[in-house]
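Spelled out from the first residue to the last, the chains are:
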Amino acid sequence: MLRSPNCPFVLFVGSKKLVKRKEFEQYISQALVI
């Protein structure tokens, strides 16, 4: 999921990928299948 270019909950800091927790939790609560 994090590799998709339009992922709404990923923040790139240099070469690191960080997950925006609030947005990720909203996505999980709305997703039927992960």
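Preceding this section is the structure that the text describes.
Keep in mind it's a predicted model, so treat the numbers as computed, not measured.

Things to note about the pairing of strand β2 (residues 16–19)
Along a regular strand, successive side chains alternate from one face of the sheet to the other.
Turning to step 1, where the next piece is worked out: Relative to β2, strand β1 (residues 10–13) runs antiparallel, the two being bridged by four bridges. Counterpart to V13 in the pairing with β2 is K16.
Turning to step 2, where the next piece is worked out: Connecting β1 to the next strand, β2, in antiparallel fashion are two residues, including G14 with a positive phi near 65°.

Thoughts on a nonpolar patch on the surface
Turning to step 1, where the next piece is worked out: Nonpolar side chains collect at one region of the surface, where L11, V13 and L18 lie side by side and expose about 230 Å² of accessible area between them.
Turning to step 2, where the next piece is worked out: Within the element layout of this structure, L11 appears in strand β1.
Turning to step 3, where the next piece is worked out: A residue is classified by how much of its surface remains accessible, and L11, at 40% relative accessible area, is partly exposed.

Let's talk about the packing of aromatic side chains
Turning to step 1, where the next piece is worked out: Within this structure, the stated rule accounts for two aromatic pairs.
Turning to step 2, where the next piece is worked out: Seen in terms of ring centroids, F9 and F24 are 5.0 Å apart; in terms of plane orientation they differ by 65°. Their pairing is edge-to-face. Of the two residues, F9 sits in the segment before β1 while F24 sits in helix α1 (residues 21–30), which places them 15 residues apart along the sequence.
Turning to step 3, where the next piece is worked out: What makes F24 partly exposed here is its relative accessible area of 29%.
Turning to step 4, where the next piece is worked out: Plain terms: the ring middles of F9 and Y27 are 5.3 Å apart, the flat faces sit at 45° to each other, and that makes the pair tilted. Taken as a pair, F9 in the segment before β1 and Y27 in helix α1 lie far apart in primary sequence, 18 residues in all.
Turning to step 5, where the next piece is worked out: Each residue in the set F9, F24 and Y27 is aromatic and connected to the rest through ring pairs, giving one cluster.

So, how was this worked out
Residues numbered from 1 in each chain as written. Predicted model: local features only at pLDDT ≥ 70, side-chain atom pairs only at ≥ 80, totals over all residues. Heavy atoms only, no water. Pairing = 2+ DSSP bridges. Helix = DSSP H or I, 4+ residues; strand = E, 2+ residues; numbered from the N terminus. Patch = residues over 30% accessible without salt bridge, like charges linked within 9 Å, V, L, I, M, F, W, Y side chains within 5 Å. Areas by Shrake-Rupley, 256 points an atom, 1.4 Å probe, with all protein chains shown as cover. Salt bridge = Lys/Arg side-chain N within 4 Å of Asp/Glu carboxyl O. Buried < 20%, exposed > 50% of the residue type's maximum accessible area, 1.4 Å probe, protein only. Phe/Tyr/Trp six-rings, centres within 6.5 Å; stacked < 30°, edge-to-face > 60°.

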